[in-house]
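# Observations on the model geometry
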Amino acid sequence: MHKRKIEQNLILLLLIITINQAFGQKKEFRDTKVDSLTFLNNRKLLNSLNTGSFQKKIFVENDLKIPYRFLTPKNNRKNEKFPLVITFHNSTRIGNDNENQLEPFAKIWLRDEIYEKYQCYVVAPQFNKRSTNYETNEKGVQISKPSNEVSALLKLIKDLEKEYPNIDKNRIYLIGYSMGGSTSQNLMNLQPNTFAAIVSVAAVPDLSNLNKIKEKHIWLIHGKNDDENPYIGSVELYNKLSSNKKLIFTTFTNLNHNNIVIPFLITDEIPKWLFEKHR
């Protein structure tokens, strides 16, 4: 009888594990390494792209001005719907020149094979101060909170939807690295129903609206050796969203804060993942 009980418990445990694997979060570890030559070559490839296709615009709301760059689909047919991608820069790109915010995750959309296959609108705003600020919560975990400029972007999105009616409102995506990764989380938390998916890389997490984002498409990417925006922050967010079966958490065991974006610069992995997601 005792043996039968043990067998039943083992079957139940196996069933639970199987269900979790089928329907739960996805947590993966990659042992990718980035040497100095790969780092330089990948960055060089992106920096060689002509950014002239990104129009220069300025969003004005009362006394607030946010410069941004705007990329339209390569073949912008009015009777076809296209996603909208919003990319956020890191803290080293703060300014108002409307140039410096075009970091790698903005430039990848200019690569010929991406511009042709993954056609979309791309917005790259530039902030003249930190778009998100960090503080430590009661558990000692660093968390992020948005600036006023971030919430103003919700108005920019509405304006663009009116000006470009073929923006697919069911496929609005957020992507960012470092401070930009935190900013993308901030915007998702402010108005979850607006966005279909988010890619947040090396970010400090936003834990403010967990109940509202528990069913959103979220891809967290972090280097385990990150000593600038602690890896533990993404672990904390992942654990708090344990019921979200649409969440992926990718850990690069050998990478740090400065080289975490390199593996994604000459592939279509991020555009492909985003374009499969709908609100």
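If you check an unreviewed UniProt entry, the chain appears there as Prolyl oligopeptidase family serine peptidase from Chryseobacterium camelliae.

## Quick word on the overall build of the chain
Looking only at helices and strands, the chain has 9 helices and 11 strands in total. On C-alpha atoms alone, the chain measures out to a radius of gyration of 20 Å, which is about the 19 Å that the 2.2 N^0.38 rule sets for 279 residues. A principal-axis box enclosing the C-alpha atoms of the chain has dimensions of 75 × 45 × 40 Å. Burial statistics for the chain: of 279 residues in total, 53% are counted as buried. Taking all contacts inside the chain whose residues are at least 6 apart in sequence as the whole, residues at least 24 apart take part in 74%. Counting only carbon and sulfur atoms, one obtains 49% of the accessible surface of the chain, whose full area is about 13900 Å². Averaged over its 40 positive side-chain charges, the chain has a centre that lies 5 Å from the centre of its 29 negative ones.

## Here we look at the UniProt feature "domain: Peptidase S9 prolyl oligopeptidase catalytic" (unreviewed entry) in the chain
When the UniProt feature table is mapped onto this chain, "domain: Peptidase S9 prolyl oligopeptidase catalytic" (unreviewed entry) is found at residues 146-211. Its end C-alpha atoms 18 Å apart, residues 146-211 is made of 45% helix and 26% strand.

## Concerning the packing of aromatic side chains
Each aromatic ring pair is described using two quantities: the centre-to-centre distance and the angle formed by the ring planes. One pass over the full model with this rule turns up 13 aromatic pairs. Between W109 and F275, the aromatic rings sit 6.2 Å apart at their centres with planes inclined by 25°, giving stacked as the arrangement. Of the two residues, W109 is situated in the loop between α3 (104-107) and α4 (112-117) and F275 in helix α9 (residues 269-275); the sequence distance between them amounts to 166 residues. Each of the two residues, W109 as well as F275, counts as buried. Arranged with centres 5.4 Å apart and planes meeting at 40°, the rings of Y238 and F249 form a pair that is tilted. Separated by 11 residues along the polypeptide, Y238 in helix α8 (residues 231-240) and F249 in strand β11 (residues 247-252) bring together distant segments of the chain. You can call Y238 buried: its relative accessible area is 10%. Of the residues examined, F249 reaches a relative accessible area of 0% and is grouped as buried.

Cut-offs and rules
- Residues numbered from 1 in each chain as written.
- Predicted model: local features only at pLDDT ≥ 70, side-chain atom pairs only at ≥ 80, totals over all residues.
- Heavy atoms only, no water.
- Helix = DSSP H or I, 4+ residues; strand = E, 2+ residues; numbered from the N terminus.
- Rg over C-alpha atoms; globule rule 2.2 N^0.38 Å.
- Buried < 20%, exposed > 50% of the residue type's maximum accessible area, 1.4 Å probe, protein only.
- Contact = heavy atoms within 4.5 Å.
- Areas by Shrake-Rupley, 256 points an atom, 1.4 Å probe, with all protein chains shown as cover.
- Lys, Arg positive; Asp, Glu negative; His and termini not counted.
- Charge placed at Lys NZ, Arg CZ, Asp CG, Glu CD.
- UniProt positions renumbered as here; feature names shortened; annotations may be inferred.
- Phe/Tyr/Trp six-rings, centres within 6.5 Å; stacked < 30°, edge-to-face > 60°.

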